[in-house]
Amino acid sequence: MDRQLHKQSQKRPQRSEQYMSARVPELRSVEFVPHNERHGHPASQFPLWFSVNMMVLTTLTGGIGVLSGLNMFWSVVAIICGNFLGALFVAGHSVQGPVLGIPQMIQSRAQFGVFGAAIPLFAVLIMYIGYFASNSVIAGDAIDAGTPIGKNWGIVISGLVILVITFYGHDLIHKIERWFAIILGAGFLAVTVVVIQHGLPSSSWNAGNFNGTAFLLLIAATATWQLTFAPYVADYSRYLPSSTSGKQTFIFTYLGLVVSTTWLMTLGAMLTTIFPEYGSQPSQTIAGLFPSALAPAVYIFIVIGVIATNVFNLYGAFMSLTTIVDTFRRVKTTLSARAVLFLIVFAVATLVAVLASSDFMAFFENLLLVLGYMLFPWTTINLVDFFFVRKGRYVVGDIFDPNGRYGRFNSRALIAYGATILVEIPFMSTAFFTGFLFEAVGGIDYAWIIALTLPGLIYFVLMRRTRRMADRLESDTTVDEMSSPLGSLTDIDENSPSIPSVNRPENNEPV
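What follows concerns the overall build of the chain. For the chain, the count of helices and strands is 21 helices and zero strands. Scored against the burial criterion, the 511 residues of the chain give a buried share of 59%. The long-range fraction of contacts in the chain, counting pairs at least 24 apart against all pairs at least 6 apart in sequence, stands at 86%. As presented, the chain carries roughly 19900 Å² of accessible surface, and 65% of it is formed by carbon and sulfur atoms.

Next comes the structure, spelled out in structure tokens:
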């Protein structure tokens, strides 16, 4: 990015007449969003992150505790603990969008280096494809059960709807997700009322029936659910004005996440308690709660939930692929380039969904668990760098320049990342591999806790030189007391001289 052009964009507070809207395709991808194109209010984050969780797959996560031996009381406690904890990290990432004006994963270049950031990006891309496929299978099953179209064609048709929405991009996604939030909220409210009327066993709310292993398992599952949103949450806040309150962005994102997940996961625990077979036939079970005449409408409702979520997965896959390509060859954003990249990720993700069998989906679920072990350290390093090391001060232009201040690789971030993975391994538990300490600690997965704590501590210590200079770090973003993530940063005059000892170290070590 040209630094001078970026500064000129800061001098033009008026909104550009040519910025994208819901009626025309988005023209930006991984590049910085100029200040004259910023628009919106942080309240828009609530319906966005509310609707993304309003789907059947969310309820299945809530049923994990019941299947593992928890009753309703302790399932609800675990669901609240896991979601409230996990959403803290995700909402923290959302604050970065207005400050930096760039997508979430490309921000990682400031921590890992321009080339080093590609390492977690490949894991993110696979994760998006996996979630897109998993949700598409649910949509295909619902379409197959409610129409004569068939499962595979149902996957393709629902996927094409998602492709159109994501191709138009950011503003259409925000607009349509607001409607999805209303429709899906009303639908799941009806499901909740019917389930409550059905009633639960009297022992469901007995606080004395506690299973510690199952309790910690459900906390891990619900926290992990939240944390999978971290790699793309700032993508949807990056168009907000740089003066946007970081506190408001955090709160609206956080509430959208925890209200939807706590509600639907609790509903899932109730459904699993009443119908033990719910996990194998979720769509059919929900449809069976209503008169048979309403079954087609219920299946359509389930498909809408999948579309609302898979829009995020396909858009995230596109952004990740674009960032990977941009790492090695600068991407020029055009409609044709955008279309090609979208078609690539759509074709791969849809093919995976169509070919998915029950055995394959079980394999993929375990693969996604492994990817979580790889992504959580990235989350912590990214947040520690933003809030506690550089305190929101970045030169966005250098994030796109391998010869800039962030370098090609940042050995300190890579050491923190790699060391954490090594420490995690003995505590991991998947169908592929079980660490030698997993059984020794009671068969409880502590790897995700290590992933959210250890890398941040290591990175914080290794970045002590940058921390000491944090108040003098140059920034080409608009950061003031109102928009600061910490509420205490001051503006940096765009005409102030650079600081050679900070901006261009003699040993060429990334700052």
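Before going further, it helps to examine the packing of helix 11 (residues 212–227) against helix 12 (residues 246–274). One can describe the packing of helix 11 onto helix 12 by two numbers: an axis separation of 12 Å at closest approach and a directional angle of 140 degrees. Classed by the angle they form, the pair helix 11 and helix 12 counts as oblique. For the pair helix 11 and helix 12, the sense of crossing is right-handed. Contacts from Thr222, Trp225 and Gln226 in helix 11 reach Leu257, Val258, Thr261 and Met265 in helix 12. Considering only residue class, the contact of helix 11 with helix 12 consists of four nonpolar, three polar and no charged.

Attention now goes to empty space enclosed by the protein. Applying the stated criterion across every chain yields a total of four cavities of 30 Å³ or more. Its volume calculated, the largest cavity comes out at about 100 Å³. In terms of lining residues, the largest cavity is bounded by Met55, Leu57, Met127, Tyr128, Tyr131, Asn135, Trp225, Thr228, Phe229, Tyr232, Thr309 and Asn313. Mapped by element, the contributors of at least two residues to the lining of the largest cavity are helix 8 (118–146) and helix 14 (295–328). For the lining of the largest cavity, the class distribution of residues is eight nonpolar, four polar and no charged.

Below, the discussion takes up the packing of aromatic side chains. We describe a pair of aromatic rings using the distance from one ring centre to the other and the angle between the two ring planes. Applying the stated criterion across every chain, the model contains 30 aromatic pairs. Aromatic side chains Trp74 and Phe210 sit 4.7 Å apart centroid to centroid with 65 degrees between the ring planes, which places their arrangement in the edge-to-face category. Note that Trp74 is positioned in helix 5 (residues 72–94) and Phe210 in the loop between helix 10 (170–198) and helix 11, a separation of 136 residues in sequence. Taking relative accessible area as the criterion, Trp74 reaches 18% and is therefore assigned buried. For the pair Phe387 and Phe388, a centre-to-centre distance of 6.5 Å together with 50 degrees between the ring planes defines the contact as tilted. The exposure class assigned to Phe388 is partly exposed, which follows from its relative accessible area of 49%. One aromatic cluster is present, formed by Trp49, Tyr128, Phe167, Tyr168, Trp225, Phe229, Tyr232, Tyr236, Phe312, Tyr315, Phe318 and Phe342 through successive ring pairs. Arg338 extends its terminal NZ or CZ atom over the ring of Phe167, reaching a point 5.9 Å from the ring centre. Over the face of the ring belonging to Phe460 we find Arg467, whose NZ or CZ atom lies 3.8 Å from the ring centre.

Now for helix 5. In an α-helix, one full turn covers 3.6 residues, which means residues spaced three or four apart are oriented alike. Here helix 5 is 23 residues long and its end C-alpha atoms lie 32 Å apart, about the 33 Å a rise of 1.5 Å per residue gives. At Leu88, helix 5 shows its maximal bend, which comes to roughly 25 degrees. Where helix 5 begins, one side-chain oxygen reaches toward the backbone nitrogen of Phe73, 3.3 Å away; that side chain belongs to Asn71.

This next bit is on the environment of Ile183. Tracing the backbone shows Ile183 in helix 10. The exposure class assigned to Ile183 is partly exposed, which follows from its relative accessible area of 39%. Along the backbone, Ile183 and Phe301 are 118 residues apart, and their C-alpha atoms lie at a distance of 8.3 Å.

With respect to the helices and strands, Thr249 occurs in helix 12. Overall, Thr249 belongs to the buried group, its relative accessible area being 0%. Within the structure, the side chain of Thr249 is placed 3.0 Å from the backbone oxygen of Ser245, a separation counted as a polar contact. Every residue in contact with Thr249, bar those within four places of it in the chain, is listed here: Pro42, Ser94, Val95, Pro98, Ser237, Leu240 and Thr244.

Attention now moves to the confidence of the model for the chain. As a note on interpretation, predicted positions should not be read in detail where pLDDT is low. Taken over all residues, the pLDDT of the chain has a mean of 85, while the share at 70 or more is 87%. Mean pLDDT across the elements of the chain ranges from a minimum in helix 21 (residues 500–503), with 38, to a maximum in helix 12, with 97. Below pLDDT 50 for its whole length, residues 479–507 participates in 56 contacts with residues either more than four positions away or in separate chains.

Before going further, it helps to spend a moment on the pattern of salt bridges. Proximity of charged atoms lets side chains of opposite charge pair with each other. Throughout the structure, instances matching the rule amount to 10 salt bridges. Ionic pairing is found between Asp326 and Arg109, a salt bridge with its closest N-O pair at 3.1 Å. Residue Asp326 is found in helix 14, and its partner Arg109 is found in helix 7 (residues 109–112); the two are separated by 217 residues along the sequence. When sorted by exposure, Asp326 lands in the same class as Arg109, which is buried. A salt bridge links Asp398 to Arg405; the shortest N-O distance between them is 2.5 Å.

A few words now on unusual backbone geometry. For Lys391, which is not glycine, the phi dihedral falls at a positive 50 degrees. Inspection of the secondary structure puts Lys391 in the loop between helix 16 (358–389) and helix 17 (396–399).

Put simply, helix 10 and helix 12 touch, their axes get as near as 11 Å, and they point 35 degrees apart. As for the relative orientation of helix 10 and helix 12, their crossing is left-handed in sense. Seen from helix 10, the contacting residues are Gly185, Phe188, Leu189, Val191, Thr192, Val195, Ile196 and His198; seen from helix 12, they are Trp263, Leu264, Leu267, Met270, Leu271 and Ile274.

What follows is about a nonpolar patch on the surface. Together, Leu422, Ile425, Phe432 and Phe433 give the surface a local cluster of nonpolar side chains, amounting to about 380 Å² of exposed area. Residue position: Ile425 is located in the loop between helix 18 (411–424) and helix 19 (447–462).

Cut-off values and rules
- Residues numbered from 1 in each chain as written.
- Predicted model: local features only at pLDDT ≥ 70, side-chain atom pairs only at ≥ 80, totals over all residues.
- Heavy atoms only, no water.
- Helix = DSSP H or I, 4+ residues; strand = E, 2+ residues; numbered from the N terminus.
- Buried < 20%, exposed > 50% of the residue type's maximum accessible area, 1.4 Å probe, protein only.
- Contact = heavy atoms within 4.5 Å.
- Areas by Shrake-Rupley, 256 points an atom, 1.4 Å probe, with all protein chains shown as cover.
- Axes fitted to C-alpha atoms, helices over the stretch in contact; angles between N-to-C directions.
- Parallel < 35°, antiparallel > 145°, perpendicular 65-115°, else oblique.
- Left-handed = near helix turned anticlockwise from the far one by under 90°.
- Nonpolar A, V, L, I, M, F, W, Y, C, P; charged D, E, K, R; others polar.
- 1 Å grid on protein atoms, 1.4 Å probe; cavity = no way out; pocket = protein on both sides within 12 Å on 5 of 7 lines; lining within 4 Å.
- Points joined across faces, edges and corners; volume = space filled by probe spheres on them.
- Phe/Tyr/Trp six-rings, centres within 6.5 Å; stacked < 30°, edge-to-face > 60°.
- Lys NZ or Arg CZ within 6 Å of the ring centre and 35° of its normal.
- Expected span 1.5 Å × (residues − 1).
- Bend = angle between axes of the 7 residues up to and from the residue.
- Polar contact = N/O pair within 3.5 Å; in protein donor to acceptor, adjacent residues only side chain to side chain.
- pLDDT = per-residue confidence, 0-100.
- Salt bridge = Lys/Arg side-chain N within 4 Å of Asp/Glu carboxyl O.
- Patch = residues over 30% accessible without salt bridge, like charges linked within 9 Å, V, L, I, M, F, W, Y side chains within 5 Å.

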